[in-house]
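Below are the chains, spelled out letter by letter.
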Amino acid sequence: MSSELRARVVEEFRRRFGGEPSFLARAPGRVNLIGDHTDYNDGFVLPMAIDREVWFAVRARDDRRVAVHSIDFDEDASFALDQGGPRRDGWVEYLRGVSWALEQGGCPTRGWEGVAAGDVPLGAGLSSSAALELAAARTFAAISGIVWQPVAMARLAQRAENEWVGVNCGIMDQLISAAGEAAHALLIDCRSLETRLVVVPDSAAVVVLDTGTRRGLVDSAYNERRAQCERAARHFHVAALRDLESETFQRRAAELDPVTRKRARHVITENARTLEAATLLEHGDVAAVGTLMNESHVSLRDDFEVSRPELDAMVDAAQRHGACFGARMTGAGFGGCAVALVQHESAAAFTRAVADEYTRNVGLRPAVYVCSASQGASIESAS
Ligand code: GLA
C-alpha cells in the first residue's frame, strides 16, 4: 500500500515539476483501540498508527511559496507563507494551518513544492486530517531545518486544527500520527503527554470495520459533549474529569442532571478501562482487552451517546464471531469505523464473515480490513 503511494507521488512529481523530489514525507492515520472522548478530559487513550497514510514528494523553493498538487483531489493549490487569512475550506487549509502554527510557535518556515496522495479514507474516523497535518509538519520541518520533536509537532498540528481549520479536537490523533511505532499501540496521558509503547501481541489482529456511513453534523455534537464534560468537572471543582475519583463520583452522582451524569460516567469508566487495557495488552491477555473494548462500546453508546445504528450493527456482528476478542466503535463516533481485536489466524475469515453479516443486516457494503501498527511521521529518501 505505502510502496504504491510512494511510487505515485514520485512519478507525479517528475511529471509536474520536472526532475526528482529531494525527499518524501509520510504520516499515518490511526485507529483507537480504547479510550474515546477522554483526550479532551485530560485522560488516557490507546491508539495505534495504521498502514493507511498520506505521502508527499517534495523539493525546496527559493521563494516563500508552497505549491502542491493533490492526486486524490486532482487539484493544484498554492499559498504564500507570509499571508494570513482568508481561510477557506479544503485540504490545503491543513497545510496553511500547519505553516501558520509553526510560525506562531517561533519556527520560521521556507517554501516548497510537491505532490500529495493518501489512502486514509476521509471522514471515516481514521484521522485523515491528522495524517495530512503531520505529513505537512514533517515536510515543513525538513525544508526549514526545524528539529523534529514528535510531541511538540503534534501540539502545533493540533493548534492548526483548532485555531486555523476550526475543529476543536483533542491531542490524540496528532500525537499518534507523530509518535506511533511499528507493531505497537501507544498509551498516551493526554495531560502530561507522556507516552508508553505497548506491543500488540502476535496472537491478535487489529481489524478496522468501516460501516460506510460518514459522520454528518459531528462538530456541534462533539462540542456539546465537551461542554457537558466541562460542566461536570466544574461541578466537582476539578480541572478536568480526569481528576474526578470514581468513589467521589459515585457518592455524589445524583447532584448532576441525568445527561451530564452519563457523560461523566463514560469518561471516568473509560479512563479506567484504558489504563487497564494497556496493562493487559502488555501481558498478552488479549481476551481481557477484548472484554474491555466491548464495555467501552456500551459506554459510548448508552452513556456518551455517540454511536449510531450502523456502528452498533457492525460491533454486534463482530462480537458474535467466534474469533473476536472484542469490538467497539472508534474515534469521535456518529459514523465511520469500528475496531475489533481478533484471533490472528482467523482474521481473514472474520473479515469476510462480518462484512457479509453487516450487509445482510444493514444493506450497506462495508470495508473491513486487517491493519498493522505503523511508524509515526517520517522522512524517506526519494531514491
Ligand atoms: C476525534 C478527535 C480526538 C478525540 C476523538 C474521540 O478523533 O479528533 O481528539 O477526541 O475524536 O476520542
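Structure: see above.
For the structure given in this document, a descriptive report is provided here. Everything quoted here is computed from the prediction, not taken from an experiment.

So, the sheet that holds strand β10 (residues 324-329)
- An order of β10-β11-β9-β12 is seen for the four strands of this open sheet, with the pairing classed as antiparallel. Each edge of the open sheet carries a strand with a single partner, namely β10 and β12 (367-371). Between one strand and the next, the sheet's axes are offset by a mean angle of 20 degrees, whatever the strand orientation.
- Summarising the sheet, β10 and strand β11 (residues 337-343) pair through five bridges and their orientation is antiparallel. Paired with cysteine 324 across the bridge in β11 is valine 342.
- Helix α9 (residues 286-303) contacts β9 (204-210), β10 and β11 of the sheet and is inclined by roughly 25 degrees relative to β10.
- Packed on one face of the sheet, helix α10 (residues 309-320) meets β9, β10, β11 and β12 and runs near 175 degrees to β10.

Here's the deal with the side chain of arginine 138
- Within the secondary structure layout, arginine 138 lies in helix α3 (residues 128-144).
- An unpaired buried charge is present at arginine 138: no salt bridge exists, and glutamate 380, the closest side chain of opposite charge, is 7.9 Å distant.
- Not counting residues within four places of it along the chain, the set of residues in contact with arginine 138 comprises Ala25, Trp148, Ala377, Ser378 and Ile379.

Some details on the pattern of salt bridges
- For the coordinates displayed, the defined rule picks out 34 salt bridges.
- Linking glutamate 93 and arginine 96 is a salt bridge whose minimum nitrogen-to-oxygen distance equals 3.0 Å. Placement of the pair is glutamate 93 and arginine 96 together in helix α2 (residues 92-104), with a separation of three residues, close to one helical turn. This pair shows no difference in class: glutamate 93 is buried, exactly as arginine 96 is.
- Residue aspartate 356 is joined to arginine 365 by a salt bridge in which the shortest nitrogen-to-oxygen separation is 3.4 Å.
- By relative accessible area, which is 36% here, aspartate 356 ends up partly exposed.
- Residues joined by salt bridges that share partners form a network here, namely Glu12, Arg15, Arg16 and Asp76.

What about the layout of surface pockets?
- By volume, the largest pocket is sized at about 870 Å³.
- Tyr94, Ser128, Ser129, Glu161 and Arg215 are the residues nearest the centre of the largest pocket, which is lined by 43 residues in total.
- Elements represented by at least two residues in the lining of the largest pocket include exactly β3 (47-60), β6 (112-118), α3, α4 (150-165), α5 (172-179) and α6 (218-235).
- In terms of residues, the lining of the largest pocket owes the most to one element, α3, which gives four residues.
- Classifying every residue of the lining of the largest pocket gives 21 nonpolar, 12 polar and 10 charged.
- No fewer than three residues from each of domain 1 (2-199) and domain 2 (204-371) sit in the lining of the largest pocket.
- Of the pockets and cavities examined, the second largest pocket occupies roughly 190 Å³.

Calculation criteria
Residues numbered from 1 in each chain as written. Predicted model: local features only at pLDDT ≥ 70, side-chain atom pairs only at ≥ 80, totals over all residues. Heavy atoms only, no water. Pairing = 2+ DSSP bridges. Helix = DSSP H or I, 4+ residues; strand = E, 2+ residues; numbered from the N terminus. Axes fitted to C-alpha atoms, helices over the stretch in contact; angles between N-to-C directions. Contact = heavy atoms within 4.5 Å. Buried < 20%, exposed > 50% of the residue type's maximum accessible area, 1.4 Å probe, protein only. Lys, Arg positive; Asp, Glu negative; His and termini not counted. Salt bridge = Lys/Arg side-chain N within 4 Å of Asp/Glu carboxyl O. 1 Å grid on protein atoms, 1.4 Å probe; cavity = no way out; pocket = protein on both sides within 12 Å on 5 of 7 lines; lining within 4 Å. Points joined across faces, edges and corners; volume = space filled by probe spheres on them. Nonpolar A, V, L, I, M, F, W, Y, C, P; charged D, E, K, R; others polar. Domains from an automatic or database assignment.

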